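The primary structure of each chain is shown beneath.
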Amino acid sequence: MKKGLIVILIVILIIGGIFTFAWIWFDGLKDDSAFTKVKMDEVLEAYPKFNKEVDNFSALRNQLYEYKDGLYLETFRDNADAWNNFMNDYKNEIMKVENEAEILKKNCELEYGDVNVRSKCTRFKADYEAAQNYYISDVNMYNEMVKDYEKYNAENGNKFKVINRASYGKYDDYIDYDEDGKFFGKEVD
């Protein structure tokens, strides 16, 4: 009888252990599911704000290239204040893109099963990389123009207004944010 009681006790302990393990596992799964849902909601809320700032950045970039098309050293000279202000606004816009990207940077590190959230994260990574790299290309191009202007101004006795070189945003070199081996938006050398 004692052996039978010991066997029954062992079976009860094993079954109790299995139920306890299953309950802990299920509770952890439920907590993980709730955590993932919060992260997905954060992505869905943050993405439109980020996308709006990328659109604003793109509009300023288009404006930069419209202005640049008719640019000569003399027109650069005559519009020095406007160029200094424009490039300051341009930097402020890339910093707005950076600020709106913070939540997405944290939450898009995870791989989501939800197609909508996953596509927003994929789009975010590509757009973020492109915006940052385009900005770096534009700053490099602009600073080369300022360098030529500085030489022109020096040759004319520095009698014209100073044009500031553009400063970089968060990055001063091209990034591969989505880690695909390509630098989307990088100026081709």
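Observations concerning the layout of surface pockets
What the largest pocket holds in volume is close to 180 Å³. Lining the largest pocket, in full, are Val 54, Phe 57, Ser 58, Arg 61, Asn 62, Tyr 65, Arg 123, Asp 127, Ala 130, Ala 131, Tyr 134 and Phe 184. Elements that contribute at least two residues to the lining of the largest pocket include exactly helix H1 (2–69) and helix H4 (115–155). Among the elements that line the lining of the largest pocket, the one with the most residues is H1, at six residues. Considered class by class, the residues forming the lining of the largest pocket number seven nonpolar, two polar and three charged.

A short note on the confidence of the model for the protein
Of all residues in the protein, 89% have pLDDT values of 70 or greater, and the mean over the chain is 84. Across the protein, the secondary-structure element scoring lowest on mean pLDDT is H1, at 79, and the one scoring highest is helix H3 (residues 80–107), at 93.

Some thoughts on the state of the cysteines
Each disulfide consists of a covalent bond between the sulfur atoms of two cysteine residues. Scanning all chains against the criterion turns up one disulfide. Here Cys 108 pairs with Cys 121 through a disulfide, and the sulfurs are 2.1 Å apart. Looking along the S-S bond of the Cys 108-Cys 121 disulfide, the torsion reads about -75°, which is the left-handed sense. Taken together, the residues span a long stretch of sequence, with Cys 108 in the loop between H3 and H4 and Cys 121 in helix H4 at a distance of 13 residues. Classification of Cys 108 as buried rests on a relative accessible area of 3%.

Points about unusual backbone geometry
Its identity as a non-glycine residue notwithstanding, Asn 158 has a phi of 50°, on the positive side. You can see Asn 158 is positioned in the segment after H4. Note on Asn 158: relative accessible area 54%, which makes it exposed.

Reading the values: the criteria
- Residues numbered from 1 in each chain as written.
- Predicted model: local features only at pLDDT ≥ 70, side-chain atom pairs only at ≥ 80, totals over all residues.
- Heavy atoms only, no water.
- 1 Å grid on protein atoms, 1.4 Å probe; cavity = no way out; pocket = protein on both sides within 12 Å on 5 of 7 lines; lining within 4 Å.
- Points joined across faces, edges and corners; volume = space filled by probe spheres on them.
- Helix = DSSP H or I, 4+ residues; strand = E, 2+ residues; numbered from the N terminus.
- Nonpolar A, V, L, I, M, F, W, Y, C, P; charged D, E, K, R; others polar.
- pLDDT = per-residue confidence, 0-100.
- Disulfide = S-S within 2.5 Å.
- Buried < 20%, exposed > 50% of the residue type's maximum accessible area, 1.4 Å probe, protein only.

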